[in-house]
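Each chain, letter by letter, is given below.
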Amino acid sequence: MVSNADAGSDAMLSDSDLLTAEEMIRRRHRRILQLSRVYRDHYWSLMADLRKRYRDYLWTFGGSPFDADLNRQGKTDALESNRCAHSNCTKKAMPMTRFCHSHILSDSNQVLYKGCAHLTFKSGSAAPAVCAKPILRSATPSFCTYHLQRVEKSVARSLKKAGLSTNDSNRMAPMVHIIGAEFVQEILRKRRALKETTVNADKAEQDAK
C-alpha cells in the first residue's frame, strides 16, 4: 500500500523533466519499499492458500483426525496396503500403482517404463539373458545406467584398438563397418572365454569322479 506522503512525493516529481541525484535515490528507495510490501503480502497470501489446500488434501486423502486412537492391527493393515504387490517384496509401492520401482514392469497398465535390453552371458547358460531392469521408456539407447556405461567403455576400447580416438576432434568419425568388426571380435572373444570355462568345469568334474 502506498502512503499519502509517498504518493504526494511521486505526484510532485511526476512532471519534472530533471531530477537531482538525491531525489532519484529517494524515489527509487520508496518504490523498492513499495515493491517489497507487495511481494510480502503476496507471499503470505500464497502461504494461507497453501495451508488451506494442504488441509483439504489431508482431509480427503490422509488419515482422519478422529482416528488417532487406531489399534496396532489397523496401522499394520494400512502399512501392508501400501507395500509392493509383488510376492516377497517389502518395498513401498510407487504412487498410482501397486508395485515398487523394481517391479513396476509387472503392472500391465503402466506406460512410463520399459526393461533394459542389454544381453548378458552368464556362466553355465548357453542362451543370453536380458537385463530387464526398469528404465524410462524415453531412454535411448534402451540400457540401464550400469550397462550404458559398459557399452560406452566397450566402444571406446574398440575405437582405440582400431587406431581411433573419441577425444580427437580433428580426425574423421569411424565408419560403421570398423565398429561392427570390433564388436564381432569382442563377442567372439567372450564366447571363447565362456567355452573354455565350460570345458574346464566339465574336465574338473570328470577328474573328480
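Quantities reported herein were computed from a predicted structural model and do not represent experimental measurements.

**Side note on the overall build of the chain**
Then, number 1: On a plain count of helices and strands, the chain comes out with 5 helices and 4 strands.
Then, number 2: What you see in the chain, going N to C, is helices and strands ordered as α-α-α-β-β-β-β-α-α.
Then, number 3: For the chain, the residues scored as buried account for 14% of the 209 residues in total.
Then, number 4: Long-range contacts, defined as pairs at least 24 residues apart, comprise 30% of the intrachain contacts of the chain with a sequence gap of at least 6.

**Concerning the packing of aromatic side chains**
Then, number 1: Counted according to the given criterion, the structure contains 1 aromatic pair.
Then, number 2: Ring plane angle 75° and centroid distance 5.1 Å describe the contact between tyrosine 43 and tryptophan 44, whose orientation is recorded as edge-to-face.

**Some thoughts on a positive patch on the surface**
Then, number 1: On the surface, Arg150, Lys153, Arg157, Lys161 and Lys190 cluster together into a patch of positive charge.
Then, number 2: In terms of residues, the positive patch owes the most to one element, helix α4 (residues 145–161), which gives 4 residues.
Then, number 3: By secondary structure assignment, the location of lysine 190 is in helix α5 (residues 176–208).

**Concerning the pattern of salt bridges**
Then, number 1: On inspection of all chains with the given rule, the structure shows 3 salt bridges.
Then, number 2: A salt bridge links aspartate 49 to arginine 53; its shortest N-O distance comes to 2.8 Å. Here arginine 53 and aspartate 49 lie together in helix α2 (residues 21–61), a separation of 4 residues that amounts to about one turn.
Then, number 3: Judged by its relative accessible area of 35%, aspartate 49 is partly exposed.
Then, number 4: For the salt bridge of lysine 52 with aspartate 56, the shortest nitrogen-to-oxygen distance reads 3.3 Å. Of the two residues, lysine 52 and aspartate 56 are both situated in helix α2; the distance of 4 residues between them amounts to about one turn of the helix.
Then, number 5: The exposure class assigned to aspartate 56 is partly exposed, which follows from its relative accessible area of 37%.

**Observations concerning unusual backbone geometry**
Then, number 1: Cis geometry marks the peptide bond from threonine 140 to proline 141; its omega dihedral reads -5°.
Then, number 2: When you line up the elements, proline 141 lands in the loop between β4 (134–136) and α4.
Then, number 3: You will see that methionine 96, though not glycine, has its phi angle at about 65°, which is positive.
Then, number 4: For alanine 132, which is not glycine, the phi dihedral falls at a positive 60°.
Then, number 5: With respect to the helices and strands, the residue alanine 132 is situated in the loop between β3 (129–130) and β4.

**Quick notes on the side chain of threonine 97**
Then, number 1: You can see threonine 97 is positioned in the loop between α3 (72–81) and β1 (113–115).
Then, number 2: A relative accessible area of 19% means that threonine 97 is categorised as buried.
Then, number 3: Each residue touching threonine 97, except ones within four places of it in the same chain, is listed here: Ile104 and Asp107.

Rules of the game
Residues numbered from 1 in each chain as written. Predicted model: local features only at pLDDT ≥ 70, side-chain atom pairs only at ≥ 80, totals over all residues. Heavy atoms only, no water. Helix = DSSP H or I, 4+ residues; strand = E, 2+ residues; numbered from the N terminus. Buried < 20%, exposed > 50% of the residue type's maximum accessible area, 1.4 Å probe, protein only. Contact = heavy atoms within 4.5 Å. Phe/Tyr/Trp six-rings, centres within 6.5 Å; stacked < 30°, edge-to-face > 60°. Patch = residues over 30% accessible without salt bridge, like charges linked within 9 Å, V, L, I, M, F, W, Y side chains within 5 Å. Areas by Shrake-Rupley, 256 points an atom, 1.4 Å probe, with all protein chains shown as cover. Salt bridge = Lys/Arg side-chain N within 4 Å of Asp/Glu carboxyl O. Lys, Arg positive; Asp, Glu negative; His and termini not counted. Charge placed at Lys NZ, Arg CZ, Asp CG, Glu CD.

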